[in-house]
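Spelled out from the first residue to the last, the chains are:
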Amino acid sequence: MTLGFIPWVRNVGRVERQTALESVSFGVRRGELFGILGPNGAGKSTILRIIAGLVVADSGTVRVDGIDTRSAPLAVRRKVGLCCTDDRSFYYRLSARRNLEYFGTLAGLYGAQLRERISEVVRLVDLSGDLDRRFDTFSSGMKQRLGIARGLLGDPELLILDEPTRAVDPAHAASIRAFVGNELVARQGKTVLLATNTLEEAWELCGRIAVLRRGRVVAIAPPSALDGRGIGAVRYEITIDRTDEQLLARTRGVPGVLGLTVESVGARVLLNVVLDSDPRALTELLRVVSTNGVSVSAIRPQQRRPAEIFADLVSERSDAG
Amino acid sequence: MLAKFQADGRKVWATFLRDARLMMSYRLAFFLDWFAIVASVVGLWFVSKLVPASAAFGSGHVATYFNYAVVNVAFVTLQGTALMCFENSIRNDQVYGTLEAVLATPTSVSLVVLAAGAWAFTFAFIQVALYLIVAALLGLDLHHVNLASLAIFLILSITATVPIGIIGAATIVRFKQTAPTQTIFGRASTVLAGVLFPISLLPLWLQAVSWLLPLTHALTGIRGAFGGASLRALSADAIWLSAATIVLLPLSLYVFRAAVISAKSDGTLGQY
């Protein structure tokens, strides 16, 4: 059932000169901020363009609010606002107002409704005072914000943001992120699909993230659950008083243990373990340790930095896991 | 249905305003266009001093070279617009980087391309009017114009040439390059369609080639209308242009649609 999901992508594949997609599937909930994260060339923009109807998938199905993008592309585009935040996606020699009037008319607005909507969206992105300036006089940050304003013009149910903070200084990037998270999603309840290769952005904003590598989804999960080698893996640092080869062999054999490394810190030993999401794995591991006469002095859940998790997920090793 | 028609009309108008504003933002080029028209008419007027009036310049009556050439040169503008405005529009949007942003709106690709003709043809008609005004000041005879014939031939000359322009736009969408056929067609038409000299001066086999060009029939009809000929007298050319429209227009729209589908499948719609 697709009701309640805005974009719904199933087994989408593309064979392309540069970016291929291989059986990509995911669904996005209404009101969710869903991230698509991946290195350059992973296929993020291709997926967004397929959802927006600009590119046709070779196979599979893409639906937006139940509407097939292939059979009814115009109906889909009425529900989708694609924010091309590329510097070059506006008419440089026209003012921001003239650009928005043109794109707003193409989005189906006209007359007083168009003028009011333009005032609203530029107020949201803090460009009210710059509406009559020519686009080529805008800074990079202003251009990005105008791109978001354009995407909002038709009041779309789904907003697609393709790297909205690319080429923006940190202060403006922070304000764009705050706008997306606080205004668009929290206050207006928009569904947002965000493609980015900025890890902190994805971690800060997204409710769930699909991680792409070479056209394949290698994980879909909330940022907090992306740690480890896949969805729901958890890490612990367990401090014990001693260890030996026999104990290590037994702990590695515990069901649910995905990885284990040992580190000596003074008189103590640290076991860094990666467990699957089954809570019985930790219980069983601790039972094995204590039955070997080893005492446990501390158990700490571990959070890795997003960059480490991302590197793990998109590395060749992730194929094996 | 009416609501969709109105919505499409507003999009065409928005495209008209966009193109007009963009063109007028290049002020020097904009005003040089007007100067070029005046210079062109004055040049023809001086050349005509060297060429005696002849029956070859009129449809069955003696006419001046100025009357013959200035009407042709003025209305060739329409052919140039029909050939180039659609592919120029696609090409400009590709180069500006705006094509994907435009195509991401709920607007069909065909409407986006065809709407580009709104300002382009308006501007071309203004240019034609300026040609005729300057020419009239220099002695162009406008007393015998058959307005009904002129109106019909203006419409037919555009509808018979627009398909070639649309196929050119399809070439840009699919292959990211201007079709050489556009240039060849444009240049060949200028030489073979009797713009600067009557086609009766051409060898017979070239006259046969000339007969295949829409511009030949368009100019014959338009010159005839300026000489006061009725639509009945010009019916052969009108039928040729109508037949070309009926055959080429659906074909060109089909080719364009196929090019868009192909570019979407390739993922190259916004590339150039």
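Residues numbered from 1 in each chain as written. Chains lettered and ligands numbered in written order. Predicted model: local features only at pLDDT ≥ 70, side-chain atom pairs only at ≥ 80, totals over all residues.

## Notes on the confidence of the model for chain A
Residue and element names in this part refer to chain A. Summary statistics for chain A give a mean pLDDT of 83 and a share of 88% for residues scoring 70 or more. Per-residue pLDDT, averaged within each element of chain A, yields its smallest value for strand E1 (residues 5–14) (60) and its largest for helix H3 (residues 96–106) (96). In the predicted structure, residues 1–5 sits below a pLDDT of 50 and forms nine contacts with residues beyond four places in sequence or in another chain. (pLDDT = per-residue confidence, 0-100. Helix = DSSP H or I, 4+ residues; strand = E, 2+ residues; numbered from the N terminus. Contact = placed C-beta atoms within 7 Å.)

## Remarks on the sheet that holds strand E11 (residues 234–240) of chain A
For sheets, the rule is that strands pair by backbone hydrogen bonds, running either parallel or antiparallel. Residues and elements named next belong to chain A. Within the open sheet, the four strands sit side by side as E12-E13-E11-E14. Their pairing is antiparallel. Taken across any chain shown, the strands that pair with only one partner, and hence form the sheet edges, are strand E12 (257–265) and strand E14 (296–301). Each adjacent strand pair in this sheet contributes to an overall mean axis angle of 20°, direction not counted. (Pairing = 2+ DSSP bridges. Axes fitted to C-alpha atoms, helices over the stretch in contact; angles between N-to-C directions.)

## Some thoughts on the interface of chain B and chain A
Contacts between the two partners involve 24 residues from chain B, matched on the other side by 28 residues from chain A. Taken together, the elements giving at least two residues each to the side of chain B that touches chain A come down to helix H1 (2–25), helix H4 (99–103) and helix H10 (235–266) of chain B. Residues belonging to the side of chain B that touches chain A are distributed by class as follows: 10 nonpolar, eight polar and six charged. (Nonpolar A, V, L, I, M, F, W, Y, C, P; charged D, E, K, R; others polar.)

## Re the sheet that holds strand E9 (residues 208–213) of chain A
All names here are of chain A. One open sheet holds the six strands; their spatial order is E6-E7-E8-E3-E9-E10, and the pairing between them is mixed. If you trace the sheet from one side to the other, it starts and ends with strand E6 (80–83) and strand E10 (216–221), each paired once. For this sheet, the mean angle separating the axes of adjacent strands, direction not counted, is 15°. Note that strand E7 (residues 158–162) and strand E8 (residues 191–196) share five bridges and pair parallel. Counted as the bridge partner of Asp162 is Ala195 from E8. Contacts from helix H5 (residues 140–152) reach E6 and E7 within the one sheet, and its direction differs from that of E6 by about 165°. Sheet contacts for helix H6 (residues 170–187): strand E3 (33–37), E7 and E8; angle to E8, the most-contacted strand, approximately 155°.

## Things to note about helix H7 (residues 180–192) of chain B
The terminal C-alpha atoms of H7 of chain B lie 18 Å apart, and with 13 residues this matches the ideal 18 Å at 1.5 Å per residue to within 8%. Gly194 of chain B lies just past H7 of chain B and shows a positive phi near 80°. (Expected span 1.5 Å × (residues − 1).)

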